[in-house]
2 protein chains.
Amino acid sequence: MGRKKSFDQHIVVAQMSTLFVQRGFEGTSLDDLVTATGLLRGSLYSEFGSKQGMFMACLKANLKKQPLDDVTWRLLLVAMLELTSNSQAVNEIVSQWYAKQNSPNIATQLGQQVLKHSHILSGDNDNGKRS
Amino acid sequence: MGRKKSFDQHIVVAQMSTLFVQRGFEGTSLDDLVTATGLLRGSLYSEFGSKQGMFMACLKANLKKQPLDDVTWRLLLVAMLELTSNSQAVNEIVSQWYAKQNSPNIATQLGQQVLKHSHILSGDNDNGKRS
DNA sequence: GTTTTATTTGACTGATTGGTCAAGTAAAAT
DNA sequence: ATTTTACTTGACCAATCAGTCAAATAAAAC
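Let us look at the structure shown here. Bear in mind the structure is a predicted one, so any value in this text is a computation, not a measurement.

## Describing the relation of the copies chain A and chain B
Stage number 1. Each copy of the sequence occupies a distinct position, and chain A is placed on chain B by a rotation of 180° and an axial shift of 0.0 Å, giving an RMSD of 0.0 Å. Such a combination of rotation and displacement between the chain copies is what one expects of a two-fold axis.
Stage number 2. Of the residues that chain A buries at the interface, 100% are likewise interface residues in chain B, meaning the two copies contact each other through the same surface.

## Here's the deal with the protein's contact with DNA strand C
Stage number 1. In the vicinity of DNA strand C lie 24 residues, with L30(A), R41(A), Y45(A), K51(A) and M1(B) positioned nearest.
Stage number 2. The protein-proximal atoms of DNA strand C, defined as those within 4 Å of the protein, are 64% sugar or phosphate.
Stage number 3. In the model, a base oxygen of DNA strand C is placed 3.1 Å from a nitrogen or oxygen of the R3(A) side chain.
Stage number 4. Contributing elements (two or more residues each) for the surface near DNA strand C: α2 (30–37) and α3 (41–48) of chain A together with α3 (41–48) of chain B.

## Some thoughts on the environment of A14(B)
Residue and element names in this part refer to chain B.
Stage number 1. The residue A14 is located in helix α1 (residues 9–23) in this model.
Stage number 2. Residue class for A14 comes out partly exposed when judged on its relative accessible area of 40%.
Stage number 3. Sequence-wise, A14 and T37 are 23 residues apart; in three dimensions their C-alpha atoms are separated by 9.1 Å.

## Structural notes on the packing of aromatic side chains
Residues and elements named next belong to chain A.
Stage number 1. According to the stated counting rule, one finds 10 aromatic pairs over all chains in the structure shown.
Stage number 2. Where W97 meets Y98, the ring centres are 6.2 Å apart and the plane angle is 50°; that geometry is what we call tilted.
Stage number 3. Taking relative accessible area as the criterion, W97 reaches 8% and is therefore assigned buried.
Stage number 4. What makes Y98 partly exposed here is its relative accessible area of 26%.
Stage number 5. Aromatic rings pair up to connect F20, F25 and F55 into one cluster.
Stage number 6. The cationic tip of K51 hangs over the ring face of F25; the distance from NZ or CZ to the ring centre is 4.5 Å.

## Here we look at the protein's contact with DNA strand D
Stage number 1. Lining the immediate surroundings of DNA strand D are 24 residues, of which M1(A), L30(B), R41(B), Y45(B) and K51(B) lie closest.
Stage number 2. Within 4 Å of the protein, the atoms of DNA strand D are drawn from sugar and phosphate moieties in a proportion of 65%.
Stage number 3. A distance of 3.2 Å separates a phosphate oxygen of DNA strand D from a polar backbone atom of T28(B).
Stage number 4. The backbone of L30(B) places a nitrogen or oxygen atom 2.7 Å from a phosphate oxygen of DNA strand D.
Stage number 5. Elements supplying a minimum of two residues to the surface near DNA strand D: α3 of chain A together with α2 (30–37) and α3 of chain B.

## Digging into the side chain of S17(A)
Residues and elements named next belong to chain A.
Stage number 1. On the secondary structure map, S17 appears in helix α1 (residues 9–23).
Stage number 2. For S17, a relative accessible area of 2% gives the class buried.
Stage number 3. The contact partners of S17, leaving out residues within four places of it in the chain, are C58, N62, V71 and L75.

Cut-offs and rules
- Residues numbered from 1 in each chain as written.
- Chains lettered and ligands numbered in written order.
- Predicted model: local features only at pLDDT ≥ 70, side-chain atom pairs only at ≥ 80, totals over all residues.
- Heavy atoms only, no water.
- Least-squares fit on C-alpha atoms with pLDDT ≥ 70 in both.
- Contact = heavy atoms within 4.5 Å.
- Near = heavy atom within 4 Å.
- Polar contact = N/O pair within 3.5 Å; in protein donor to acceptor, adjacent residues only side chain to side chain.
- Helix = DSSP H or I, 4+ residues; strand = E, 2+ residues; numbered from the N terminus.
- Buried < 20%, exposed > 50% of the residue type's maximum accessible area, 1.4 Å probe, protein only.
- Phe/Tyr/Trp six-rings, centres within 6.5 Å; stacked < 30°, edge-to-face > 60°.
- Lys NZ or Arg CZ within 6 Å of the ring centre and 35° of its normal.

Following this line, the structure appears as structure tokens:
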């Protein structure tokens with residue numbers, strides 16, 4: 001068997017999901033992920049293979065939820081706007097999810113998430129500052 | 001007066017808009033913008049001040065169109081997902097636009113643009129390659 | 001023609017990016 | 001107790017990032 005893993009996949013995926021949701025895919029750096037998870041780069045890469053692998057783990061895990069929560073909708077948005085047109089693998093995940101949907105108002109739900117995320121007309125942006 | 005500008009603002013803004021629409025804000029590099037416009041960094045910075053200034057020029061110029069075309073909708077999406085929550089200046093532009101809208105289905109239109117951009121269920125992604 | 005002003009040029013910078021890997025460590029297997 | 005296996009550690013890397021600026025250039029003003 002060898003050494004035991006020092007982390008719980010589910011927790012790590014949840015921590016990474018929070019980041020991807022807040023900052024998007026390109027907006028989230030490996031350093032961000034290292035800080036948020038408490039793992040180091042080597043562990044993250046041996047577990048997920050690549051940054052895209054980390055995102056896909058988040059997307060797959062969250063898509064299992066029913067009904068979809070805000071985190072999952074926002075991961076779908078990030079996938080569709082940043083990854084779907086460049087990555088076959090992510091495209092397939094999202095396409096398979098979309099094919100199963102029969103609700104006619106997916107677009108509306110996606111759009112509502114965009115509006116919610118944008119913080120428009122609320123004025124609570126931080127002018128680029130990060131904690 | 002001094003030396004004349006070697007470019008037409010409108011054309012440069014249109015060229016930059018195409019890039020921001022295709023690759024998003026963070027996904028578009030200064031090198032990309034230099035290549036697409038034919039201008040060099042110094043010219044771009046003396047004209048627009050910053051990368052965000054370049055994006056804002058694109059957004060402002062496109063929002064004058066009526067009715068909004070796909071490019072403008074996509075710029076709004078990019079703004080809302082990548083900039084609005086971190087940049088007061090971009091937030092104000094989008095907020096002012098949004099306040100003037102009285103259509104009840106903005107969310108739906110935004111969502112349709114997300115779906116259109118995602119290339120889902122069409123399979124024509126390029127696995128990350130760039131021309 | 002000389003000076004002044006505005007723009008272009010592109011090499012350069014320090015910071016940050018995603019990703020690697022040899023060495024170290026902890027557990028199981030023998 | 002020793003070996004083997006699996007995971008962790010973090011320094012390191014080449015590439016890329018947004019942004020700068022002194023020097024060169026072109027036009028207007030005189």
